[in-house]
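This is what each chain is made of:
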Amino acid sequence: MTILAIESSCDETSAAVLADGQMRSNVIATQLIHEQYGGVVPELASRAHQQHILPVVERALSNATIPKSALSAIAFTRGPGLLGSLLVGTSFAKAMALGLNIPLIEVNHMQAHILAHFIEAPRPVFPFLCLTVSGGHTQIVRVDGPLDMTIIGQTQDDAVGEAFDKSAKLLGLPYPGGPLIDQYAQNGDPLAYKFPMGDMPELNFSFSGIKTAILYFLRHNTNTNPNFIQQHLPNICASIQHTLVQMLLTKLKRAARETGIHEIAIAGGVSANSGLRSAVTQLGHELGWTVYIPRFEYCTDNAAMIAMAAQFKYEQGEFTPQSVSPMPRMSF
Ligand code: KG4
Ligand code: ZN
């Protein structure tokens, strides 16, 4: 079985080839144009996908040394994501499947982030819990099988990736600020400043309050010292990161306690955060969890995870009709 997968839900155009269980290529073109606007501009994202998609797909096939004629199916991200961006990947996948007369497989982007754990060993054992943290989502998912997932907790407002990016913006850092906060935090004291963690019921999250708290904190301090941010950037970043990571881990601990599940995975763009990676590893040692952390390449958006999810669907015979259209708010 040889699958070509396409990912175009946000600001990464990616294509990957999975052949007989081996990820043979994973090409990712990141759109840099959004940096100057401080966030993803949907219209520009779709235009950039249009420009990148053909060269990215061709590169994925040539890196994999697989001819188009050897493909068994074309997979694509149907949602969730930006409508214009999803349309580019969906239309391209449909046309290619039609031209090659092979099946089409739609994939849910959030499910794919979780299934990225099955690309290579060590693979989680079912049932496991996955903390899925990205620019658009923050979820705790109970995973009973490759295609059997239940959201048991999620954010009621902003995603944690958004909290990272918006905090970075307040600090005057360019978009996407999450990785930069991570970088500055390496040299800072995580306990230098205290921010409120809020108190959401059950396994749910809220990240809108902390954003406002950071805004007031910065306003107050820069009023008395206009150079406050420049002078204390590592400590500010380390404290913001520490607070966000603790908010995530408090609920993850509760989920593990309530479900009795000790197989724990993290996924999505924010799972690239070094503070989260080390804190969850540490917690695993303390609480006897087996912890699964994806390779960096498979944390942020990529088509390899789409190919992996599609392989499970192919095995179940779950194909998609040509009449399919994107679902920007797709859930599972
Ligand atoms: O999964 P992803 O690539 O795209 C979405 O599906 O949203 O996640 C992107 C998010 C952005 O908010 C970005 O700032 C965040 O992941 N991110 C990080 C790090 N690397 C990416 N946040 C904190 N620390 C990082 N190292
Ligand atoms: Zn994503």
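Source: prediction; values computed, not measured.

1. A look at unusual backbone geometry
In step 1: Residue Pro127 follows Phe126 across a cis peptide bond; omega there is -10°.
In step 2: The topology assignment puts Pro127 in the loop between α3 (109-115) and β6 (128-133).
In step 3: Geometrically, the link from Tyr175 to Pro176 is a cis peptide bond, its omega value of -10° lying close to zero.
In step 4: By secondary structure assignment, the location of Pro176 is in the loop between α4 (160-170) and α5 (178-185).
In step 5: Look at Thr65: it is not a glycine, yet its phi comes out positive at around 50°.
In step 6: Residue placement: Thr65 occurs in the loop between α1 (42-64) and β4 (73-79).
In step 7: One non-glycine residue, Asn101, lies in the positive phi region at around 55°.
In step 8: Take Asn101: it is sitting in the loop between α2 (83-100) and β5 (104-108).
In step 9: Among the residues examined, Asn101 registers a relative accessible area of 70% and is labelled exposed.

2. Concerning the packing of aromatic side chains
Within a pair of aromatic rings, the relevant descriptors are the distance that separates the centres and the angle that separates the planes.
In step 1: Inspection of the entire model under this criterion finds 10 aromatic pairs.
In step 2: For the pair Phe118 and Phe312, a centre-to-centre distance of 5.7 Å together with 90° between the ring planes defines the contact as edge-to-face. One end of the pair, Phe118, is in the loop between α3 and β6; the other, Phe312, is in helix α9 (residues 304-316), and 194 residues separate them in sequence. Across the pair, exposure class does not vary: Phe118 and Phe312 are buried alike.
In step 3: Ring centres of Tyr314 and Phe319 lie 5.4 Å apart, and the angle between their planes is 85°; this geometry places the pair in the edge-to-face category.
In step 4: Look at Tyr314 and you get partly exposed, because its relative accessible area is 26%.
In step 5: A relative accessible area of 40% places Phe319 in the partly exposed class.

3. Notes on the nonpolar core
In step 1: By size, the foremost hydrophobic cluster in this structure holds 45 residues, and its most contacted members are Leu131, Leu171, Phe207 and Leu244.
In step 2: Contributions of two or more residues to this core are made by β6, α4, α5, α6 (208-224), α7 (228-259), β9 (263-267) and α8 (274-287).
In step 3: Excluding residues within four positions of it along the chain, Leu171 makes contact with Leu218, Ile229, Leu233, Ile236, Cys237 and Ile240.
In step 4: Residues Ile3, Ala75, Ala303 and Phe312 belong to the second largest nonpolar core, which totals 32 residues.

4. Concerning the site of ligand 1
In step 1: Among the 17 residues in the neighbourhood of ligand 1, the closest are listed as Gly135, Asp165, Asp182, Gly269 and Asn273.
In step 2: A distance of 2.6 Å is found between an oxygen atom of ligand 1 and a side-chain nitrogen or oxygen belonging to Asp165.
In step 3: Within the side chain of Asp182, an N or O atom sits 2.9 Å from a nitrogen atom of ligand 1.
In step 4: Within the complex, the protein chains bury 89% of what would otherwise be the 550 Å² of accessible surface of ligand 1.
In step 5: When grouped by side-chain class, the residues that make up the shell around ligand 1 number four nonpolar, 10 polar and three charged.

5. Some words on the domain arrangement of the chain
In step 1: Examined at the domain level, the chain breaks down into domain 1 (2-114 + 300-315) and domain 2 (124-294).
In step 2: For domain 1 versus domain 2, the separation of C-alpha centres amounts to 27 Å.
In step 3: Contact between domain 1 and domain 2 buries roughly 1300 Å² in total, counting both sides, with carbon and sulfur atoms accounting for 75%.
In step 4: Between domain 1 and domain 2 we count zero salt bridges in total.

6. What about α7?
In step 1: Under the 1.5 Å per step criterion, the end-to-end length of α7 is 44 Å for 32 residues, consistent within 8% with the ideal 46 Å.
In step 2: The largest bend along α7 measures about 55° and falls at Pro234.
In step 3: Residue Gly260 follows α7 closely and has a positive phi angle near 70°.

7. Description of the pairing of β9
In step 1: Counting buried positions over the five residues of β9 gives five, a clear majority of the element.
In step 2: Neither face of β9 is open: one carries Glu263, Ala265 and Ala267, the other Ile264 and Ile266, and all of them are buried.
In step 3: Here four bridges tie β6 to β9, and the two strands are oriented parallel to one another. Each residue of the ladder has a partner; that of Thr132, found in β9, is Ala267.
In step 4: Crossover connection from β9 via α8 to parallel strand β10 (residues 290-292): handedness right-handed.

8. Some details on the environment of Asp189
In step 1: Among the structural elements, Asp189 can be located in the loop between α5 and α6.
In step 2: Under the relative-accessibility criterion, Asp189 is labelled partly exposed at 37%.
In step 3: Along the backbone, Asp189 and Ala213 are 24 residues apart, and their C-alpha atoms lie at a distance of 19 Å.
In step 4: Excluding anything up to four places from it in sequence, Asp189 contacts Asn235, Ala238 and Ser239.
In step 5: One polar contact links the side chain of Asp189 to the main-chain amide nitrogen of Leu191, over a distance of 2.8 Å.

9. Regarding the side chain of Asn204
In step 1: Relative to the assigned elements, Asn204 resides in the loop between α5 and α6.
In step 2: Residue classification places Asn204 among the buried positions, given a relative accessible area of 17%.
In step 3: For Asn204, the side chain forms a polar contact with the main-chain nitrogen of Gln154, separated by 3.1 Å.
In step 4: Ignoring anything within four residues of it in the chain, the contact list for Asn204 reads Gly153, Gln154, Gln156 and Lys251.

Cut-offs and rules
- Residues numbered from 1 in each chain as written.
- Chains lettered and ligands numbered in written order.
- Predicted model: local features only at pLDDT ≥ 70, side-chain atom pairs only at ≥ 80, totals over all residues.
- Heavy atoms only, no water.
- Helix = DSSP H or I, 4+ residues; strand = E, 2+ residues; numbered from the N terminus.
- Buried < 20%, exposed > 50% of the residue type's maximum accessible area, 1.4 Å probe, protein only.
- Phe/Tyr/Trp six-rings, centres within 6.5 Å; stacked < 30°, edge-to-face > 60°.
- Core = buried A, V, L, I, M, F, W, Y, C linked by side-chain atoms within 4.5 Å.
- Contact = heavy atoms within 4.5 Å.
- Near = heavy atom within 4 Å.
- Polar contact = N/O pair within 3.5 Å; in protein donor to acceptor, adjacent residues only side chain to side chain.
- Areas by Shrake-Rupley, 256 points an atom, 1.4 Å probe, with all protein chains shown as cover.
- Nonpolar A, V, L, I, M, F, W, Y, C, P; charged D, E, K, R; others polar.
- Domains from an automatic or database assignment.
- Buried area = accessible area lost by both parts, 1.4 Å probe.
- Salt bridge = Lys/Arg side-chain N within 4 Å of Asp/Glu carboxyl O.
- Expected span 1.5 Å × (residues − 1).
- Bend = angle between axes of the 7 residues up to and from the residue.
- Pairing = 2+ DSSP bridges.
- Right-handed = clockwise from strand over helix to strand, strands pointing away.

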